[in-house]
Amino acid sequence: MAKVLKCFRTIRNNWKKSVLGVAALSYGVSYSKDAYNTNELMKKYCETASRFGDAPCPTNIKNRHVTIILNPNAKKGKAKKLFTNYCEPLLHLAGIAVTVIQTESENEARKIVMNLNKPTDAIVVAGGDGTLSDVLTGLVRRYNSNINSVKQCPIGILPLGQTNKVAKSMCNEYNNLSDVRQVVEATMAIINEKFRMMDMIEVEPIEENPEDPVKPIYAMGVVEWGAWKDAHSIAKKYWYWGPLRKYATYVLNGYKEKLNWNCDALIKYTNPCDGCSRCYQRDTSLDEFANINKRWWHAFVPRKSVPVPEIDYSKIVNEQCGIPHELPISTSELHIESPNVEKSQASSSPAALKLKMGPKHVGYFSFVVEGWKQENDNKLLYKQVLEAKDIEITPQEITKENTLYIDDEEYELKSVKIKLLSRAVKVFCPDLNS
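Here's what I pulled together on the structure shown here. (Residues numbered from 1 in each chain as written. Predicted model: local features only at pLDDT ≥ 70, side-chain atom pairs only at ≥ 80, totals over all residues. Heavy atoms only, no water.)

## Quick look at helix α9 (residues 178-192)
Taking 1.5 Å of rise per residue, the 15 residues of α9 would be expected to cover 21 Å, and the 21 Å separating its terminal C-alpha atoms lies within 8% of that figure. Taken across its 15 residues, α9 has eleven buried, putting it largely inside the fold. Taken as a whole, α9 has its buried residues at V180, Q182, V183, V184, E185, A186, T187, M188, A189, I190 and I191. (Helix = DSSP H or I, 4+ residues; strand = E, 2+ residues; numbered from the N terminus. Expected span 1.5 Å × (residues − 1). Buried < 20%, exposed > 50% of the residue type's maximum accessible area, 1.4 Å probe, protein only.)

Here's what the structure looks like:
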């Protein structure tokens, strides 16, 4: 008993060291537990991937090959380490040939894809939404905007970026090891060849000079314009605040005029359509990638023809399809989201862009509070929601300080046409029910 009392007196007399010791011990226990759970998780998935690699394959058929476009600077420089530790081993165990190409500068991913000369079964994006947008833009430009050709190239998305809205909408949510589990599940979706057709956004600047047109940008997530997004984008400048920098940026910038407080524009849009004689086009996909990516089991499976739709859209009449509508807006924040952002396996019918508008006037306190909420749940304080198939935005005033964000990448604000390309990309997708 005397030893116990002496121990308590020692702790009381050295309480600062005791608190520091308890904190270090707690961190060590938590770290060891996470490391153990991660090893057990990887052991489970490695065994599953090995079964694919051990399966016999005829010698006259080439192995699967995937091209990885890796952004090593993503996720604060941790993307390469995460890919090497958790993704690449699974791909090798599954018997998949892997070519890793690292980006070294901005917009290099689109150049890599446009100049890719080696046949591949899939292109895998190891990065965030910005890298994904860059790869999609390069892929569409490679095929001269022929969407039917783009559909033949499967896309894999490994959520290794700071912003992964599209990838996380396809992943399960976990309380522990969330990042590792999502990355591993995305890798297993590539191995299992589980995919679904997803939508794509085309953002085309409206230029006054038709002789020198600017090429469109392609994305799968969100187009944003406004004060909250401006503040979020400059949070990295406050690195010295550590983990509080994303909160400090709203406190320090809630009164500054350099943010886009007045998003005043004229919106022209067309209503969504389920399909009619005006807008329906039969999918006559080319077979270029199908021939290149032929798998060994295709020799025993009869080739499927292009399915004919059960509904005869030529007999459906929709007088409102393609009819433009005008709406002047004045808001502090504008978001245009694709159906991919919603965490659901079932796409909306008809597929539509969601145009979300925030409040017109925002006070300092409201700006800070709502900014903090967005950092926690990624939800915008919006006052009006509009669904559309195509949208044209004409800002009333354009200055050099104004910025338009396409999947978290910054572009100079211009008048743009935003078009939804329904079911335009074949994406490897994890099973949300697993």
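Text resumes after the structure shown.
## Details of the environment of F365
Locating F365 in the fold gives a position in helix α13 (residues 364-377). Taking the C-alpha atoms as reference points, F365 and G254, 111 residues apart in sequence, are found 8.1 Å from one another.

## Some details on the environment of M42
Along the polypeptide, M42 turns up in helix α2 (residues 15-54). Classification of M42 as buried rests on a relative accessible area of 10%. Along the primary structure M42 and V180 are separated by 138 residues, whereas in three dimensions their C-alpha atoms are 9.3 Å apart. Apart from residues no more than four positions distant in its own chain, M42 is found in contact with N85, Y86, L90 and V184. (Contact = heavy atoms within 4.5 Å.)

## Thoughts on helix α6 (residues 129-142)
Here α6 spans 20 Å end to end across 14 residues, near enough to the 20 Å set by a 1.5 Å rise per residue. Counting buried positions along α6 yields 13 of 14 residues, so the element is predominantly enclosed. N144, located one to two residues past α6, shows a positive phi value of around 55°.

## Quick look at empty space enclosed by the protein
All chains considered together, the criterion is met by one cavity of 30 Å³ or more. Estimates place the volume of the largest cavity at around 50 Å³. Taken together, D129, T163, K165, G221, V222, E224, K229, D407 and D408 make up the full set of residues lining the largest cavity. Its residues placed into classes, the lining of the largest cavity shows one nonpolar, two polar and six charged. (1 Å grid on protein atoms, 1.4 Å probe; cavity = no way out; pocket = protein on both sides within 12 Å on 5 of 7 lines; lining within 4 Å. Points joined across faces, edges and corners; volume = space filled by probe spheres on them. Nonpolar A, V, L, I, M, F, W, Y, C, P; charged D, E, K, R; others polar.)

## Focus on the pairing of strand β10 (residues 333-337)
For β10, a buried count of five out of five residues is recorded, marking the element as mostly surrounded by other parts of the structure. Here β10 shows no split at all, with E333, H335 and E337 on one side and L334 and I336 on the other all buried. Sheet topology places strand β7 (residues 222-226) next to β10; five bridges connect them, and they run antiparallel. Pairing of W225 across the sheet is with L334, part of β10. Inspection of the sheet shows β10 paired to strand β11 (residues 353-357) by four bridges, in the antiparallel sense. By the bridge assignment for β11, E337 is matched with K354. (Pairing = 2+ DSSP bridges.)

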